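# Tertiary structure, described
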Amino acid sequence: MKGIKKSLTEEYLYLDFSHQKEGCIFPLHTSITLFLLSYCDCKIFKVCLVLTGESTGISLLKSVLSEDVEIQIISRQELPPIVQSCCLPAVVERPDNFCRAGLAVVLRHIIQKSYEADPSKKEILELLGFKKTCLKACAEVSQWTRLCELTIPLAIENFLKESSDQPPAIPAEILELEKKLSEPVRVHNDDKLRRQKLKQQKAAGVRPSLSKEETKSKVHRQETSEEVDSSSASLELRVAFSKLTVHEEPAPANREPAHVRKAKASDLPPLDHVFVEGLYFTLADIVLLPCIHHFLVIICKKLSEKLVEFPLLAAWYQRIQEVPRVKTTASQCGIQFLNLPELQTTSNEQQPSLDEVPCVEEQNDPSFIGGPRPTMTKLMEKGIEVMFSPHPCPTWTLDWDALPAAVSPKEGKMSSDRALRKQQQLNNLVYVVTNQAKPGDRIVDFCSGGGHVGIVLAHMLPSCQVTLIENKELSLIRAKKRSDELGLSNIWFIQANMEYFTGTFNIGVALHACGVATDMVIEQCIKTRASFVTCPCCYGFIQNTSKFNFPKSEQFKKTLSYKRETLYSFQGHSLYKCL
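This section reports on the structure supplied with the text.

What counts as what
- Residues numbered from 1 in each chain as written.
- Predicted model: local features only at pLDDT ≥ 70, side-chain atom pairs only at ≥ 80, totals over all residues.
- Heavy atoms only, no water.
- Helix = DSSP H or I, 4+ residues; strand = E, 2+ residues; numbered from the N terminus.
- Buried < 20%, exposed > 50% of the residue type's maximum accessible area, 1.4 Å probe, protein only.
- Contact = heavy atoms within 4.5 Å.
- Areas by Shrake-Rupley, 256 points an atom, 1.4 Å probe, with all protein chains shown as cover.
- 1 Å grid on protein atoms, 1.4 Å probe; cavity = no way out; pocket = protein on both sides within 12 Å on 5 of 7 lines; lining within 4 Å.
- Points joined across faces, edges and corners; volume = space filled by probe spheres on them.
- Nonpolar A, V, L, I, M, F, W, Y, C, P; charged D, E, K, R; others polar.
- Axes fitted to C-alpha atoms, helices over the stretch in contact; angles between N-to-C directions.
- Parallel < 35°, antiparallel > 145°, perpendicular 65-115°, else oblique.
- Salt bridge = Lys/Arg side-chain N within 4 Å of Asp/Glu carboxyl O.

### As for the overall build of the protein chain
When helices and strands are counted, the protein chain shows 19 helices and 12 strands. The buried share of the protein chain, taken over its 579 residues, is 53%. Sequence separation of at least 24 residues holds for 74% of the intrachain contacts in the protein chain that already meet a minimum separation of 6. Split by element, the accessible area of the protein chain, about 28,600 Å² in all, is 51% carbon and sulfur.

See below:
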């Protein structure tokens, strides 16, 4: 067919399979991935279901699998070695040295490959959202990515397990999602849209809302994509569905009235959610759809009185069915949509309260001024002093002129001055690692970027296996290109968040891992009982996350409060940390 490109690289998609129940494949990450494959009509991956030790219901799989997807069933022992070091789902390019792991990374890759195979499918690429950043941020630092990718799927799995024995408790993550849907939408051109909404409200004399009427017949979106009745639908719905049908919202013919042009930004009406990330249908909606569907099935069966607590979630569930191809895809994947009753939207004050992410309370110390020097002074006053050890490598040990060009950071597209500084940093780290490494050791370069550390180590230590782990795809692709030029056979590339790497290793390395990433590297090395060599990032802030609270040291907690200014200076001071 014209416009369709054949993928030059054979890729295998590996998905966990534990069991299937009532039209749902577990774990939910697998159901979500299969739903996206069907939605994108993607046939370029060889799909393998990986059985766990307790896998059941294999004979019933045909009833919940799309007939268009050819699937092979394998055991965990049959996984390529690089995949055995990762959490599934995972995609591997032959010859099995480049792996993408974790739900968000794999789903984004499926979208990109589907579009590359058929560039006419522009609506598929639109799933990645504005600037193509939907679920791109790491779950370790992005609460939204973590909610969609990890906590909601896991919470719904636990909810479904509990429901088989007794009435389950409503997951806090679902309450959090309902609350998020009540928050005003922010988009890149929201001032323009909010002024259009103000004009619409003035003309109607009332404020339109995304209520039950708008998710019924007047906004009907059959699979044939009928036009939205602009006279009755809200501005948000018209904008959202015009995007889905590739018809841009027409610009106003005349200049806006004076009362609209001159209105202050604070007086403009907020935009309401159409989909979970705002006005547009994105990958996040596809991730949440199987999860919310199975949640609502149990609610309707066993806890129907609780449904009224989720009017916004129910409205979203009804609305998403009107997106082109969603109903067809759901049917192919064994999802039978529910017809929910009309619900009255509650006010924000009636929303259930949520526990915030735990954090360390700040001490009220008005005399404290942040920054490196005041912080160090305050520590010294409490008897805490910096201990400096001799430089482990005061001279050059790497002869860069004698090394192949692709080993040098100059090949990583940086200025000569920056490349020289990078060579000095690499000289220091490689010296420590090479003195620590033994033949057969596994070395992991965490947050590897373009592979400056990992490529030098793989070249200098051919008897060791080096693994580069990086979340940014383009950086890792550049690293692989350099590795291929060198003909390295002892190197793996894994695009994944750090916590999706589960392999064993002997030495962990991290050069300028940003923010809390250095702490995460050290924690993983300690957990694996591996040596580690790290040089923390020299700029930015350390912030509390779902994994860490700061200060970590009990002694520091007695002296410093959790303030960005307090913790700013400590990232660049610890040059090497070895265990």
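### Description of empty space enclosed by the protein
Empty pockets left among the atoms are what a rolling probe the size of a water molecule brings to light. For the structure shown, the criterion picks out 5 cavities of 30 Å³ or more. The calculated volume of the second largest cavity comes to roughly 60 Å³. Taken together, Ser85, Arg442, Val444, Gln465, Thr467, Trp492, Phe501, Thr504 and Phe505 form the lining of the second largest cavity. Elements with a minimum of two residues in the lining of the second largest cavity: β8 (442-446) and β9 (465-470). Along the lines of polarity and charge, the residues of the lining of the second largest cavity split into 4 nonpolar, 4 polar and 1 charged.

### A short note on the packing of helix α1 (residues 28-39) against helix α3 (residues 103-117)
Two elements in contact, α1 and α3, have axes whose closest approach is 10 Å; the angle formed by their N-to-C orientations is 10°. By the angle between their directions, the pair α1 and α3 is classed as roughly parallel. For the pair α1 and α3, the contacting residues are His29, Ile32, Thr33, Leu36 and Leu37 in the first and Leu103, Leu107, Ile110 and Ile111 in the second. Taken together, the residues of the contact of α1 with α3 sort by class into 7 nonpolar, 2 polar and no charged.

### Let's talk about the pattern of salt bridges
Taken as a whole, this structure holds 14 salt bridges when the rule is applied. Between aspartate 96 and arginine 94 there is a salt bridge, with the nearest N and O atoms lying 2.8 Å from each other. Exposure remark for arginine 94: the relative accessible area of 35% places this residue in the partly exposed category. Between glutamate 123 and arginine 325 there is a salt bridge, and its shortest N-O distance comes to 3.4 Å.

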